[in-house]
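Summary of structural features
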Amino acid sequence: MNSKKRYMVIALLALLVVSAMAYNDEAKPWTFWNWKYGSVSRPGIHADLTGMKNVGMGGIWLMPVREAGECLESQDGVAQLSPEFWKMMDYSFQLADSLDFDMGIHVLPGNPFVLPAESMQKVVWTDTIMKGGKKIEGLQMWQPESYKDGKMQSAGNEGGYYQDIAAFAIRFKGKTGPAWRNATDSAARSEAVPMTDVLPLKMEGGMVMGVMVNGILQNKLPKGSWCLLRMGHTSTGQTHATDGKGMGLEVDRFSPAAVKKLFDSWYAPLLNRPHGDVVSYLYIDPREWGSQNWGCQFAEEFKVRRGYDLIPYLPVMAGVPLESASRYEQVQNDIRLTIEELVKEKFFQTFTRLAEELYVEVSCAPIPRTDHPDDMFRAVSRAHIYNENPVQAVACTGNYGARNGTPALLKPLIDRHLALGINRFIFQHDIVRHPEARGFMDYITMCQHYLQQGRPVVDIAVFHPSENPEQKNSYRAPRGYKYDLINKDALLKWNFEYSPKGKLPGNQDYRILVVSQPDSSLSTEIKAKLEELREEGIVIIDKPYQAKNFSQYGIDPDVILPENMDYAHRLVLEATGRKDIYFLINQENKERQITATFRTGTSRIRQIVNLNLPAYGSVFVILSNRDDMQIISPAKLPLP
């Protein structure tokens, strides 16, 4: 058998007989379509779009990446936002429309029209050490770092974009300077500064006019050693490296007016072009955006949301441990929470509303890559908790599938991620341009068709309190069970409105809760919720569990399989009864005779099935109570 036939046959292994079935576009995979270095032309657009449509793609995400001339081969490329660029965009819209091809556009966080004052802001400061008892009126303090002419300039330089917020005199102990100036010294950072040792400074144009002591402006500092702190904000200077001629400062995500300017100057003109209605989606990847800790009305919003004034605690943002270590952490957490809320309300909601006015859907959930398994698992868990379907991932990235990999190489990886819970792949892969890949894409489409139905069956919720994406998940479920990671928000929203077993916001049933954190480190709020769940009959495992399964709690394995196999299970509730869709994968490079034992809806009646799976083979087994639990036998999908 030649290599082409080999990888086609391996890609199209045992599945249901569906040669006559047609699947809707929702079940088809998508692909990123990168316009790199301006290397775009009408013949190239035609070849790409018709080729990707013919191979079975359901849609494309268009992403202009970098600029013409940035590599040797692109000296004659099309510059972003140029008249020729818009001609190419118009042609791609027209052709995609004629092909009935869905399209999405990747939203870039900034553009050349964003001014420094409209960009993301950060808190900056300078400090001066001096002894008390000396006159400070007329003292000139250095301006902190600022943004000027496309780059950051260091403290002490004037003329850049900068705005003062407040200034303080902070009394400290020691001779050489406050210990908290050393950000790496955790012991020093724990030396709390009482609020009585923090005095407001009155400043005009960078000049100290006096210090407020007991509400009275004085021109001398009280006795002691003092650190004068001048604090303000400037642009972060953050731009997006792939934007090319579209590069500009990233917009202030706390400012609805700045967000509207970003939309009106880039995306509204794009969507309003001829055939622009072919664009159905705008995608925002929050991982690609920079961060900010200041912006439009931040102090005012903080006071409304947190119930106290941030300005007296502003030195906390310079690392000063005011009042106590716990108070310092509380203020820092309140700042982070306010930032999170403002990004959601002022940016995402504003951008979504503007897009919906043009009948375009906005997606802002991070799309994980298959070479980042922890990110993938968290994305799947989140989708299960909050009833998000489909669950997307960028397919075969990094070392998990070279871009020139064949279906024979990629199929085991695709199957593994389907079993994990992914049910819509987005390719960033050369394979989507080869007509030989049609059979492989048909295979993926069929798998996604079944695995997008109903809802997932997951028995175990693992409470993972850390919100840090870098912290690894170490839990491993007993064989035959699936689990999701749930965070604090999901745990606290667990309720019993629909089922005595308990349901999360997306109506996801969980029968077991595993708490991976020691009880002594849990908050009072979490402990109270756990006690409530116990009273409602949820099985809570909060100590190391040695048993091979959870049968002692009346919860048998969902499916019993041999080693080196995995599965996904979807439950479809219909007017005539329930349907259980099982997707089984053989993860060995050899043919296998296997026995699979399935748990049915009663969890005590077992359905035993004998199957013959080829090397890296896969199969759907569908159990339906309408047909007295009959099994739909697998068969080979015919070659196109």
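Residues numbered from 1 in each chain as written. Predicted model: local features only at pLDDT ≥ 70, side-chain atom pairs only at ≥ 80, totals over all residues. Heavy atoms only, no water.

**Things to note about the layout of surface pockets**
Size it by volume and the second largest pocket reaches roughly 1200 Å³. Put simply, the parts of the chain that give the lining of the second largest pocket at least two residues each are α8 (373–385), α9 (407–420), β18 (483–486), β21 (559–560) and β22 (565–574). Here the lining of the second largest pocket gets seven residues from one element, more than from any other, and that element is α8. Of the residues in the lining of the second largest pocket, the class split is 27 nonpolar, eleven polar and eleven charged. (1 Å grid on protein atoms, 1.4 Å probe; cavity = no way out; pocket = protein on both sides within 12 Å on 5 of 7 lines; lining within 4 Å. Points joined across faces, edges and corners; volume = space filled by probe spheres on them. Helix = DSSP H or I, 4+ residues; strand = E, 2+ residues; numbered from the N terminus. Nonpolar A, V, L, I, M, F, W, Y, C, P; charged D, E, K, R; others polar.)

**A word on the pattern of salt bridges**
Using the criterion set out here, one finds 33 salt bridges in the structure. Close ionic contact of Arg 230 with Asp 164 constitutes a salt bridge, the shortest N to O distance being 3.0 Å. Here Arg 230 is found in strand β11 (residues 225–235), whereas its partner Asp 164 is found in strand β7 (residues 163–172), with 66 residues between them in sequence. By relative accessible area, Asp 164 is classed as partly exposed at 39%. Of the charged contacts in the structure, one is a salt bridge between Arg 599 and Asp 459, with a shortest N-O distance of 3.1 Å. Linking Arg 599 in strand β24 (residues 592–599) with Asp 459 in the loop between β16 (455–456) and β17 (460–463), this pair joins segments that are 140 residues apart in sequence. In this pair, the class of Arg 599 matches that of Asp 459, namely buried. One salt-bridge network, in which partners are shared between bridges, spans Glu 301, Arg 305, Arg 306, Glu 341, Glu 345 and Lys 346. (Salt bridge = Lys/Arg side-chain N within 4 Å of Asp/Glu carboxyl O. Buried < 20%, exposed > 50% of the residue type's maximum accessible area, 1.4 Å probe, protein only.)

**A closer look at the pairing of β22**
Across a regular strand the side chains alternate sides, sitting on one face of the sheet and then on the other. The element β22 is largely enclosed, with a buried count of seven among its ten residues. Taken together, the two bridges between β16 and β22 define a ladder with antiparallel strand orientation. Its bridge partner lying in β22, Pro 456 is registered against Arg 570. In the sheet, β22 pairs with strand β23 (residues 577–586) via ten bridges, with the strands oriented antiparallel. Pairing of Glu 574 across the sheet is with Gly 577, part of β23. Taking the residues that link successive antiparallel strands as the turn, the β22-β23 hairpin has two residues. (Pairing = 2+ DSSP bridges.)

**Looking at the sheet that holds strand β13 (residues 361–363)**
A sheet is described by the order of its strands in space; here seven strands give the open sequence β13-β12-β3-β2-β1-β15-β14, paired in parallel fashion. Of all the strands in the sheet, the pair left with one neighbour each is β13 and β14 (392–395). Pairs of neighbouring strands in the sheet enclose a mean axial angle of 30°, with direction left out of account. Pairing analysis gives four bridges linking strand β3 (residues 102–106) to strand β12 (residues 279–283), with the strands arranged parallel. If you follow His 106 over to β12, its bridge partner there is Tyr 283. (Axes fitted to C-alpha atoms, helices over the stretch in contact; angles between N-to-C directions.)

**Re the sheet that holds strand β19 (residues 512–515)**
Through backbone hydrogen bonds, the strands of a sheet pair up, either in parallel or in antiparallel fashion. With parallel pairing, four strands are arranged side by side in an open sheet as β18-β17-β19-β20. In this open sheet, the two strands that pair with only one neighbour each are β18 and β20 (539–541). Between one strand axis and the next, the sheet turns through 25° on average, direction left out of account.

**Structural notes on helix α2 (residues 42–54)**
A rise of 1.5 Å per residue sets the reference length of α2, with its 13 residues, at 18 Å; its end C-alpha atoms lie 18 Å apart and thus fit the reference within 8%. Where α2 is buried, its residues contact β1 (30–36), β2 (59–65) and α3 (83–98). You can read the cap of α2 off the contacts: a side-chain oxygen lies 3.2 Å from the backbone nitrogen of Gly 44, and it is on Ser 41. (Expected span 1.5 Å × (residues − 1). Contact = heavy atoms within 4.5 Å. Polar contact = N/O pair within 3.5 Å; in protein donor to acceptor, adjacent residues only side chain to side chain.)

**Quick word on the packing of α2 against α3**
For any two helices packed against each other, one specifies the inter-axial angle together with the distance between the axes. Following both chains from N to C, one finds α2 and α3 inclined at 30°, their axes separated by 10 Å at the closest point. The orientation of α2 relative to α3 falls into the category roughly parallel. Considering the relative orientation of α2 and α3, their crossing is right-handed. Contact residues: Arg 42, Ile 45, His 46 and Leu 49 in α2; Met 88, Tyr 91, Ser 92, Leu 95 and Ala 96 in α3. Grouping the constituent residues of the contact of α2 with α3 by class yields six nonpolar, two polar and one charged. (Parallel < 35°, antiparallel > 145°, perpendicular 65-115°, else oblique. Left-handed = near helix turned anticlockwise from the far one by under 90°.)

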